[in-house]
Amino acid sequence: MALKNINPTTTNSWKELTNHFNYVKDINIKDLSKELNRKEDFSIEFEDLLVDFSKNRITKKTIAILVELAKEVGLKEAIESQFNGEVINVTEGRAVMHTALRSTSDTPVLVEGKNIKPQIQSALRKIKSFSNKVISGKWKGYTGKSITDIVNIGIGGSDLGPDMIVESLQFYKNQLTTHFVSNVDGDHVSEIIKKLNPETTLFVIVSKTFTTQETITNAETLKNWFLKSATIFDIPKHFVAVSTNLEAVDNFGIDKNNVFPMWDWVGGRFSLWSAVGLSISLSVGFDHYKALLEGAEEMDLHFRNEDFDKNIPVILALISVWYNNFYKAETEAVLPYSQYLKKLPDYLQQAVMESNGKGVDRNGNKVDYQTGTIVWGSTGTNMQHAFMQLVHQGTKLIPADFIGYKESLYGLTDHHKKLMSNFYGQIEALAFGKTKEEVHLELKFSGDEDKINQLLPFKVFEGNRPSNTILFNKLTPRSLGKLVALYEHKIYTQGILWNIFSYDQFGVELGKELAKKLLKAQ
Ligand code: G6Q
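Residues numbered from 1 in each chain as written. Predicted model: local features only at pLDDT ≥ 70, side-chain atom pairs only at ≥ 80, totals over all residues. Heavy atoms only, no water.

Caption draft 1: Focus on the sheet that holds strand 12 (residues 400–405). Read across the sheet, six strands follow the order 1-2-13-12-10-11 without closing on themselves; strand pairing throughout is mixed. The open sheet has two edge strands with one neighbour each: strand 1 (43–46) and strand 11 (374–377). The sheet shows a mean angle of 15° between the axes of neighbouring strands, taken without regard to direction. Together, strand 12 and strand 13 (467–472) form the strand contacts of helix 18 (residues 413–432), whose direction differs from that of strand 12 by roughly 160°. (Pairing = 2+ DSSP bridges. Helix = DSSP H or I, 4+ residues; strand = E, 2+ residues; numbered from the N terminus. Axes fitted to C-alpha atoms, helices over the stretch in contact; angles between N-to-C directions. Contact = heavy atoms within 4.5 Å.)

Dropping the structure here:
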């Protein structure tokens, strides 16, 4: 069944939301927080995850109408269409099957009439056996030494996901050192070459198309560098590829046994769950990689089966639409309180902005409402000493996701207590602020009574700045899988609500074409 094609602003729920907005727009989170059971009523617990969305400018009625909107635009059917392998990426004529990559059920998933599960299982077996050989040292380089360094060569979806996951799972890493080369800037690859020994380095070229300028340029440079010390007969021991383009891989000189598959029904920015994640499996071992996939599958099942009012990705998507389309907020901050997650905002920028940065609806008409939000962020507590000033006291409304963990990985509980008191401190400061009266009293008691008139306006925090709290027990491969899948499903939900196609990315093409023309003209 094709996706419905409904301009959300013409629905009854949207009209109701518009009326409701006029009625509640000046509500204050501080007043809302006094409601009995506010926290319980606006929280969802799911296994090791608690999402508290009570500190938002929403009432039960807001959520009820937003949920109605999701129903009216056919979200349930759209979710089923995605999971069932229908061609929902209409402009590229493809199914969108990253959920099948992590599905452990035996139920067949048909793409163009063919069950794709066996291919997925066979790719996983290949990833497992290859990772085990490299990690155990059985895989030898051309001089008989074991591999010490992995270089992932890719860009965009073939780089950001694996890079972010490897960084986030550093705690679980083995002895191999993993590098990521992406930029066509030759200084990037040169800096990495400085750290490598050709005898002990494995190059993983990740490119679905195997035609991407940056990746092929970097791969050629690294091959030439390698061939300064080795011969072409040594290439099979040091170069592997992840691609759909077998001919181009062969022309590059890669042994056909060293090719890992990619498929048209997996989009680049949703591909870390496929062999694109090979460098993840090499870095943390196959079992951790598998646990990452299992965590994602848990979120998939939650997203597919849970009622919308208890469905974490759906609720977060709806709240985001509320701010984007009614409060006219333009950006959203993602603020992880874990240094491990420092690359998450970069990763989400691609996932969210490449997916939902669209100005044309599913009919091909220009939309007259706002779509994709701008996503940005950084880790706490560092950002508290940097951009949070603007979020607390600036003129813009910036809804924020605070991501935290109950436990740290190395212990150091003193650090963790401090980290988490900052986490909750920020959330509270944003929501409740500091009134004139409080500032007045504070200045009076601190002996600055004479400065009250001068300083008071600068020290007031208006508050009423919304945030979601996303709290996991612990950063594990499984909980990370869940977190990433949560955002993937939030993206799709918003694309459905805004009546846009989330899974194409024509916006990146024009610049590529022009760069090629300019290069030829040089
Ligand atoms: C992601 C995009 C894009 C893509 C890169 C790399 O969804 O399609 O970021 O991943 O352009 O493409 P290749 O894997 O084909 O080199």
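Caption draft 2: Layout of the site of the ligand. Within the structure, the ligand sits among 13 residues, and S158, S207, T209, T212 and R269 are positioned closest to it. At 2.8 Å, a side-chain N or O of Q350 approaches an oxygen atom of the ligand. Calculation on the ligand without its partners gives an accessible area of 410 Å², and the protein chains cover 86% of this total. According to the grid-proximity analysis, the pocket containing the ligand is the largest pocket. Residue classes in the shell around the ligand are distributed as one nonpolar, nine polar and three charged. (Near = heavy atom within 4 Å. Polar contact = N/O pair within 3.5 Å; in protein donor to acceptor, adjacent residues only side chain to side chain. Areas by Shrake-Rupley, 256 points an atom, 1.4 Å probe, with all protein chains shown as cover. 1 Å grid on protein atoms, 1.4 Å probe; cavity = no way out; pocket = protein on both sides within 12 Å on 5 of 7 lines; lining within 4 Å. Sits in = over half its atoms within 2 Å of the grid points. Nonpolar A, V, L, I, M, F, W, Y, C, P; charged D, E, K, R; others polar.)

Caption draft 3: Fine view of empty space enclosed by the protein. According to the stated counting rule, one finds five cavities of 30 Å³ or more in the structure shown. Computed from the structure, the largest cavity encloses a volume of approximately 150 Å³. In this structure, the largest cavity is lined by 19 residues; those nearest its centre are S320, E332, D401, Y487 and K490. Counting only elements with at least two residues in the lining of the largest cavity, the list comes to helix 15 (312–326), strand 10 (331–336), helix 16 (344–356), strand 12 and helix 21 (477–497). Tallied by class, the residues present in the lining of the largest cavity amount to 12 nonpolar, four polar and three charged. (Points joined across faces, edges and corners; volume = space filled by probe spheres on them.)

Caption draft 4: Summary view of the environment of I120. Mapping I120 onto the fold places it in helix 7 (residues 117–136). In the structure, I120 is positioned 142 residues away from M262 in sequence and 9.6 Å away in space, judged by C-alpha atoms.

Caption draft 5: Spatial organisation of a nonpolar patch on the surface. Where nonpolar side chains cluster on the molecular surface, the patch consists of L510, L514 and L518 and spans about 300 Å² of accessible area. By the element assignment, L514 lies in helix 22 (residues 509–521). (Patch = residues over 30% accessible without salt bridge, like charges linked within 9 Å, V, L, I, M, F, W, Y side chains within 5 Å. Salt bridge = Lys/Arg side-chain N within 4 Å of Asp/Glu carboxyl O.)

Caption draft 6: Inspection of the layout of surface pockets at higher detail. A volume near 980 Å³ is recorded for the largest pocket. Among the secondary structure elements, those contributing two or more residues to the lining of the largest pocket are helix 10 (213–226), helix 16 and helix 22. Top contributing element to the lining of the largest pocket by residue count: helix 22, with five residues. Residue classes in the lining of the largest pocket are distributed as 11 nonpolar, 15 polar and 11 charged. Volume-wise, the second largest pocket comes out at about 450 Å³. Taken together, 18 residues make up the lining of the second largest pocket; nearest its centre are S338, Q339, S408, H416 and L419. Broken down by class, the residue content of the lining of the second largest pocket amounts to eight nonpolar, nine polar and one charged.

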